[in-house]
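Okay, here's what each chain looks like letter by letter:
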Amino acid sequence: MKVFFTALIISLFSFNGFAQFEEFEDFNLYGELIFGVVNSVSGDTLVPGKYDGMDLSRKELGLFSVYRGELYGVLNKDGKEIIPLIYSRVDVFENGFIRVKKGGDYYEGGDDAQFGMYNSNGKKIIETNYGYLGEVSDGLIRANMGGNAYLDGDGLFSGENDEITGGKWGFLDTKGKIKIPFDLTYARNFKDGLAKVYIGGKNDDWVYDGKWTYIKTNGLPFVSDDLGVESDVIGGLLIVSKRETIIEKDEYDSWFETKTSFGVVNTKGKIIFEPKYKNISFFDGRFIILHEIDTIKNVPNFSIYDVDLNPIGELGYQSVEPRKWYDENTESSHTRFIISKNQKFGIINSVGKNVLPVEYSSIDLGYEPFMNVRKGGVIATRDYDGEKKYNGLCGLVNWNGKMVLPLQYDEIYMPESFNEKLLFICRKSGKWGIVDSLNNTILPFDFDTLESINRWSYETHMYTAIKDGKWGVVDLSGKDLIPFKFDEFKSVYMLDAMGEDMIGVVYKGNEGIINSKGDFRFPAKFKHISTDNWAENRVLFYSNEIFGVADTLGNILVPMEYESITFLSNGEIVLKKTINKVVNLNLKNQEVGEYSQVNSWNCYSLQLDEVHSQNICAIQKNGKWGFTNFTTGEELFKPQFDEIGDETYCDVSMVRIGKKFGLVSLKGGMKLPLNFDEMSFGYCNYETGLIPVYVKKDNLWGLYLSNGELKYALKYKTKEEVPSEY
């Protein structure tokens, strides 16, 4: 006892002494920030300020990792460099062992990156010959030979499974001797005498023709070879699997099928539950859920045990759904199991006691902190009119089984918060209303539908509703904010520049738009409308696939007589009346040109400055193509080309007459004449505004820039031979 007491005093003294070490900042002669270590009690400088950075997270060990430039090392409590600054990374582990890495950078491994290890005295115990080294655990170090690792910010192996390429895994002792040979596909650290490893397969692309298992510190498996491991150790237990190949056949053919069964073993390899179950899962680190099939009734059969193998509740539930519940009143977490038997549902707690008896036809989650429970039937599928059909009544209970809302509602929506109260939109006897969590009626059950919109004001909740066959909007007091006179509400828009929401409505058979007071912002005088171009003062209206355009006040700009209407940037419009007539309407509502076809997918927005742009479109007339500025009406190229490029790049487009290709600028003018046999583009450089143009003439290739500058003369036999640098 005396020896232990003395050791404890020394340990506490050392810890408190090391706790006095603090990092300080200084500047060198060049004004660059440098770091050192000072004793915060005595004020003595332990490490002079000469390092670019340091880590004092292991100062209780008297060890500091430091770096200068891209190289790392380690100092001891006396400021001595016990590991020189020659490594691309160092990691000081909590047990005093220090991993080092040469090659690569701080995170990436690289083909030349190798790991080694020192002890806390600065003695190298493992040479830097390994593709990865883990921490010392149970006296062993997992190691990779021939691979390439990626490390996360904590110096741990990132991702466990998928951040290593190539190589094989084994284990070393703290003297660097191989204790478990390097014939494992992957390995994790030892813990409590066991390490999870993967045997077979490939760790670079993870072809799963191997299996997971656990090995002991002597390298031997702790379960039989016919079992695979499916989980980590939870409460001294593991889930294992057993695969069996079954030959299935009928009168025509036969085939193989793999059947997998699951069981549970302890860390000594003893089988606790035979591998015969369809599935097994752990929950919350304390419970085991077994799933098998009742072969007589052909129904699921679930059982629950704790990790001490005590059964929870009854054996043989038809379903089990575990849940973690946090009680804000007691600030504690609790485990609950939603279980079912004979098509009825209930809830038990972590010791198997009934929280809610098994007598409900459904229990619906998502109503936190409550659950929606139903008796007397289930929700049926929608009928042909899209309406839900209900059997029985529902209410709300909390996780302690207390009834919050009684079983008197057809349907309950998820709660919403208002003035620190929870409100529920409910349906009762076919009508909708609102109640609070004390079952007080907030909004009477007078409505055929009721939905929260909750957008215009968060001070007052608002709801769209149907009453006596008409749509309107009410608040929680029952006041009609928008009168019940509309045939239908379509959707809520954010159209106003000031941020006011508006609602699309149907009124007397036509669509319109109203504001939050019910006043029309766009009159209901068209069968259908689209507000996608509201910001450009354009509203598309249509009926029977015939289209027109109005402004946002409802004034008709384009009569409803066109087969299609396409909006360009700035609100310009391409109109197609028949197959033989396409016109353009500019911002001033003036028609610009009449064509047989406009290539609307080849309309190019030419940016003049940060605010202004113009639309340049390909147009067709009498079978020939050209380009017109639809904003100004200027004809840039009259229809003369047999073909134009499918797309435009860097303000230019390819054109063709006969068999010869050329290049035009969408700002006007030819950049390359029509005398090339082939033409193709590289990638647009948006900084210079230029794009490389590969051209072929007389079977030889060359390269121009889109401004017409020749970069490489036409002397190459193939396009691939033309240099790409320009």
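Up top you'll find the structure we're talking about.
Keep in mind it's a predicted model, so treat the numbers as computed, not measured. (Residues numbered from 1 in each chain as written. Predicted model: local features only at pLDDT ≥ 70, side-chain atom pairs only at ≥ 80, totals over all residues. Heavy atoms only, no water.)

Next up on the list: the environment of glycine 139. Here glycine 139 shows up in the loop between strand E12 (132-137) and strand E13 (140-145). Of the residues examined, glycine 139 reaches a relative accessible area of 39% and is grouped as partly exposed. Through-space distance from the C-alpha of glycine 139 to that of threonine 217 is 8.9 Å; in sequence the pair is 78 residues apart. The contacts of glycine 139, once residues within four sequence positions are left out, are Leu172, Asp173 and Thr174. (Helix = DSSP H or I, 4+ residues; strand = E, 2+ residues; numbered from the N terminus. Buried < 20%, exposed > 50% of the residue type's maximum accessible area, 1.4 Å probe, protein only. Contact = heavy atoms within 4.5 Å.)

A word on the nonpolar core. Phe171, Leu184, Phe190, Ile215 and Phe222 are the most contacted members of the largest nonpolar core, which totals 23 residues. Elements represented by at least two residues in this core include exactly strand E16 (168-173), strand E17 (178-184), strand E18 (186-191), strand E19 (194-199), strand E20 (211-216), strand E21 (227-229) and strand E22 (237-249). Looking at this core element by element, the count peaks at 4 residues for E19. The next biggest cluster of nonpolar side chains, apart from the first, holds 14 residues, and it includes Val652, Leu663, Val693 and Tyr704. (Core = buried A, V, L, I, M, F, W, Y, C linked by side-chain atoms within 4.5 Å.)

Further remarks concern the pairing of strand E6 (residues 71-76). With respect to burial, E6 is a largely interior element, 5 of its 6 residues being buried. Bridge count between strand E5 (residues 63-68) and E6: 6 bridges; the pairing is antiparallel. Across the sheet, residue leucine 63 finds its bridge partner in E6, namely asparagine 76. From the end of E5 to the start of E6, which pair antiparallel, there are 2 residues, and glycine 69 there has a positive phi angle of about 70 degrees. Pairing between E6 and strand E7 (residues 81-87): 3 bridges, direction antiparallel. Within E7, the residue paired with tyrosine 72 across the bridge is tyrosine 87. Here E6 hands over to E7 after 4 residues, with glycine 79 in that stretch at a positive phi of 85 degrees. (Pairing = 2+ DSSP bridges.)

This next bit is on the sheet that holds strand E66 (residues 692-697). In a beta sheet, neighbouring strands pair by backbone hydrogen bonds and run either parallel or antiparallel. Across the sheet, which stays open at both edges, the 4 strands sit in the order E65-E66-E67-E68 with antiparallel pairing between neighbours. Single-partner strands in this sheet number two, and they are strand E65 (678-681) and strand E68 (710-716). Averaged over all pairs of adjacent strands, the angle between strand axes in this sheet comes to 15 degrees, irrespective of strand direction. Note: strand E67 (residues 700-705) against E68, 3 bridges, orientation antiparallel. Each bridged residue has a counterpart across the sheet, and for tyrosine 704 the counterpart in E68 is leucine 710. (Axes fitted to C-alpha atoms, helices over the stretch in contact; angles between N-to-C directions.)

With that settled, consider the sheet that holds E6. Spatially, E4-E5-E6-E7 is the arrangement adopted by the 4 strands of the open sheet, whose pairing is antiparallel. Since the sheet does not close on itself, it has two edges, and those belong to strand E4 (53-55) and E7, each with one partner. For this sheet the average axis-to-axis angle between neighbouring strands, irrespective of direction, equals 20 degrees.

Here we take up unusual backbone geometry. Phi angles above zero are rare outside glycine, and glutamate 331 is one such case at about 50 degrees. Position of glutamate 331 relative to the elements: it lies in the loop between strand E28 (319-327) and strand E29 (332-341). In this structure glutamate 331 comes out as exposed when scored by relative accessible area, which is 62%. A positive phi angle is found at lysine 508, which is not glycine, with a value near 55 degrees. As for its placement among the helices and strands, lysine 508 is situated in the loop between strand E46 (501-507) and strand E47 (510-514).

This part is about the state of the cysteines. A full pass over the atoms with the stated rule returns 1 disulfide. Cysteine 394 forms no disulfide, and the closest cysteine sulfur to it belongs to cysteine 426, at a distance of 7.4 Å. Overall, the relative accessible area of 0% leaves cysteine 426 in the buried class. (Disulfide = S-S within 2.5 Å.)

This next bit is on the pairing of strand E38 (residues 421-428). Direction of pairing for strand E36 (residues 411-412) relative to E38: antiparallel, over a ladder of 2 bridges. Bridge pairing in E38 places isoleucine 412 opposite cysteine 426. In this sheet, E38 lies alongside strand E37 (residues 416-418) in antiparallel orientation, the contact comprising 3 bridges. The residue bridging glutamate 416 from the neighbouring strand is leucine 423, located in E38. Between E37 and E38, which pair antiparallel and follow one another directly, the connecting turn spans 2 residues, one of which, asparagine 419, has a positive phi of 50 degrees. As judged from the 6 bridges shared by E38 and strand E39 (residues 431-436), these two strands associate in the antiparallel manner. Paired with phenylalanine 424 across the strands is valine 435, a residue of E39. Remark: 2 residues form the turn of the hairpin made by E38 and E39, two consecutive strands paired antiparallel; serine 429 in that turn has positive phi of roughly 55 degrees.

Turning next to a positive patch on the surface. On the surface, a cluster of positive charge is contributed by Lys123, Lys175, Lys177 and Lys179. By the element assignment, lysine 179 lies in strand E17. Its relative accessible area of 48% is what places lysine 179 among the partly exposed residues. (Patch = residues over 30% accessible without salt bridge, like charges linked within 9 Å, V, L, I, M, F, W, Y side chains within 5 Å. Areas by Shrake-Rupley, 256 points an atom, 1.4 Å probe, with all protein chains shown as cover. Salt bridge = Lys/Arg side-chain N within 4 Å of Asp/Glu carboxyl O. Lys, Arg positive; Asp, Glu negative; His and termini not counted. Charge placed at Lys NZ, Arg CZ, Asp CG, Glu CD.)

What follows is about the environment of threonine 441. Positionally, threonine 441 belongs in strand E40 (residues 441-447). Under the relative-accessibility criterion, threonine 441 is labelled partly exposed at 48%.

Inspection of every chain in the model, using the stated rule, returns 23 salt bridges. Between lysine 375 and glutamate 359 there is a salt bridge, with the nearest N and O atoms lying 2.8 Å from each other. Of the two residues, lysine 375 is situated in strand E33 (residues 370-375) and glutamate 359 in strand E31 (residues 354-360); the sequence distance between them amounts to 16 residues. We classify lysine 375 as partly exposed; its relative accessible area is 30%. With relative accessibility at 34%, the residue glutamate 359 sits in the partly exposed group. Ionic contacts of the salt-bridge type, sharing partners, join the residues Arg89, Asp91 and Arg99 into one network.

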